[in-house]
Amino acid sequence: MRLEKLGIYNFRNLQYVDMQSLCTFNFIHGINGSGKTSILEAIHTLALTRSFRSHKMESVISYGKDDLTVRGELRLSGGVETAVIGVRRPRKGPVLVKLDGDKLSTAGQLAGVLPVQVINPASFALLEGGPAVRRQYLDWGVFHVKHSGFFEYWPRYRKALQQRNSLLRRGNIDPGLIAPWDRELEAMGALIQDARSSHFELLAAAFEEIYRRLLASADIGDLDVPSLSMSMTSGWKDGEYSFAESLKHNLAGDLRAGFTRSGPHRADIDFRVGRLDAGDVLSRGQIKTLVCALKLAQSKVLLDQGIPTVFLVDDLAAELDERRCCAVFKELIELDVQVFASAVRRSDLNDDWCLSKPLKRFHVEHGVVSEC
Ligand SMILES: Nc1ncnc2c1ncn2[C@@H]1O[C@H](COP(=O)(O)OP(=O)(O)OP(=O)(O)O)[C@@H](O)[C@H]1O
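Residues numbered from 1 in each chain as written. Predicted model: local features only at pLDDT ≥ 70, side-chain atom pairs only at ≥ 80, totals over all residues. Heavy atoms only, no water.

**Some thoughts on the domain arrangement of the protein**
A common measure of how large an interface is: the accessible area buried when the components associate. Filter applied, for reference: In this document the domain limits rely on a domain assignment from an automatic tool or a database. Contacts are assigned to residue pairs that have any heavy atoms within 4.5 Å of one another. Defined here as a combined quantity, buried area equals the accessible surface (1.4 Å probe) lost by two parts on assembly, summed across both. Whenever Lys or Arg places a side-chain nitrogen within 4 Å of a carboxyl oxygen from Asp or Glu, that contact is recorded as a salt bridge. Polar contacts, as used here, are pairs of N or O atoms within 3.5 Å; protein pairs need one atom able to donate a hydrogen and one able to accept it. Residues neighboring in sequence count only if both atoms are side-chain atoms. Strands are runs of DSSP state E lasting at least two residues, helices are runs of H or I lasting at least four, and both sets are numbered from the N terminus onward.
Once the domains are mapped, the protein shows domain 1 (1-115 + 308-372) and domain 2 (128-307). Spacing between the C-alpha centres of domain 1 and domain 2 amounts to 28 Å. Listed per partner, the contact involves 19 residues of domain 1 and 23 residues of domain 2. Across the domain 1/domain 2 interface, buried area totals approximately 1,900 Å², and carbon plus sulfur atoms make up 66% of it. Three residues, Arg-324, Glu-331 and Leu-335, lead the burial of domain 1 against domain 2; their summed loss comes to 33% of the area buried on that side. Run the count over domain 1 and domain 2 and you get 1 salt bridge. Here Glu-331 makes a salt bridge to Arg-213, at a shortest N to O gap of 2.8 Å. Joining domain 1 to domain 2, the criterion identifies 3 residue pairs in polar contact (both at pLDDT 80 or more). At 9 residues, helix H10 (residues 322-335) tops the list of elements feeding residues into the side of domain 1 that touches domain 2.

**Quick word on the UniProt feature "binding site: ATP" (unreviewed entry) in the protein**
Threshold: UniProt positions are given in the numbering used here, feature names are shortened, and annotations may be inferred rather than shown by experiment. Exposure classes here rest on a 1.4 Å probe applied to the protein chains alone. A residue is buried below 20% of its type maximum, exposed above 50%, and partly exposed in between.
With numbering matched to this structure, UniProt assigns "binding site: ATP" (unreviewed entry) to Gly-30, Ile-31, Asn-32, Gly-33, Ser-34, Gly-35, Lys-36 and Thr-37. By the element assignment, Asn-32 lies in the loop between strand E3 (25-29) and helix H1 (36-48). Considering the arrangement of structural elements, one finds Gly-33 in the loop between E3 and H1. Judged by its relative accessible area of 69%, Gly-33 is exposed.

Structure, rendered in C-alpha cells:
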C-alpha cells in the first residue's frame, strides 16, 4: 500500500498543497517554520483523523479558516486497486471521513487502511515518558493485527473500568453492583492480555534482530549498549495472582484510592540495561536508535502479516549521526515501506541512504511545496 497523491487544504500554514506521483522515498526540506512537519502531520491526520502533535485540531486548522481537509489516493498492496481517503475537520462539529466517496460513520472504520508510524523528536517519550506511551505503542501493533479482536475487547474493557471506578468513587462496593463489572473486566482483560502477549512475543523477536543489525551497520559495538532487554508487564502481579484474584485482593485499596489500580490498563514495557532502567542509562542518540528499532520492529511484525506501513520521519538528522541515519534507512529499505522524511537542509537527507529506490524531493517555503 502506497500513498500516491496527497492534497492538503488549510492545514496550519499549508493553504493548498498538491503532491503527485509520490515515491517510495519522499524527502522534504525547508527552513524552520516552512511547513515540513505539517505535511507529515497531514498524512497522520489522513490515516487517523488526528495530528501527532496536537490534540486540539482547532489549533491545526489554518488561522481564520473554518476547516481543514486532507485527501489521499492510495495504491493498495501489490495491485492496481486504488482507494481514496478524505478527512475534513471543521472548527466546530464532527470529523467527516470518506473512503472511496462513502461516508464512514466512525473514524475507527478508517483504522487499518493506512497504518502510519512516526519517528520524531517526541518519540523519545517511548523510553522517557510514562507507561501510557508504551501501552499506546504496543497496542498500535495489536490493533492492526488481523483478527486480534482488540477493536471489540478494548471498548468493552474501558466501559467496565469506568463503571467500576465510578462505584469505587462513590464508595459503593455492593457485591451485586460491582461483580458484573468485575466479570466483564476479567473476561476482556484476559483477551486483551492474550492479544498483547502474542504480539509482544513477535515484537520482541523482531526488535532484537533489527536492533542488532542497526548497531552492526552503524558500526556500534555491543559494548556501547550492554545487555539490553525488554519485557512486558501485565498491569497486575501476575506471578502471584490471576487478574480476577488481583481485583478481589485489591478491592479495599481500590476503594481508598477511588479507582482500579491493577489490570491491563496499567500494563507497561520495561527496558533494562543489565539491571538498570534503560531510560536512565542510555544517551539520547542511543535511546533514539532503540526507539527507531522499536518502530521498525512493529512494521516488520505487521509486514509479515501482509500489512505495510507508511513511515513519517521528522528531522532524524537532528537527532542521529550520519551512520545511524544511514543504518535506519537501510532497515526501512529492507522493510520495503514508503517513507516521508523531513529535514532543514537538503544535504541532511542523503540520496545514498535510499540506495537505488525511487526517491522524490520536495522543497517547502512559507507553506508552498515544490518538487525539486
Ligand atoms: N493554525 C495555524 N495556522 C497557520 N499557521 C500555523 C498554524 N499553526 C502553526 N502554524 C505555522 O505553520 C508553520 C509550519 O510549522 P511546521 O512545524 O510545519 O514547520 P517546520 O518546517 O516543520 O519547522 P521546524 O523545522 O522548525 O520544525 C509555522 O510557521 C507555524 O508557526
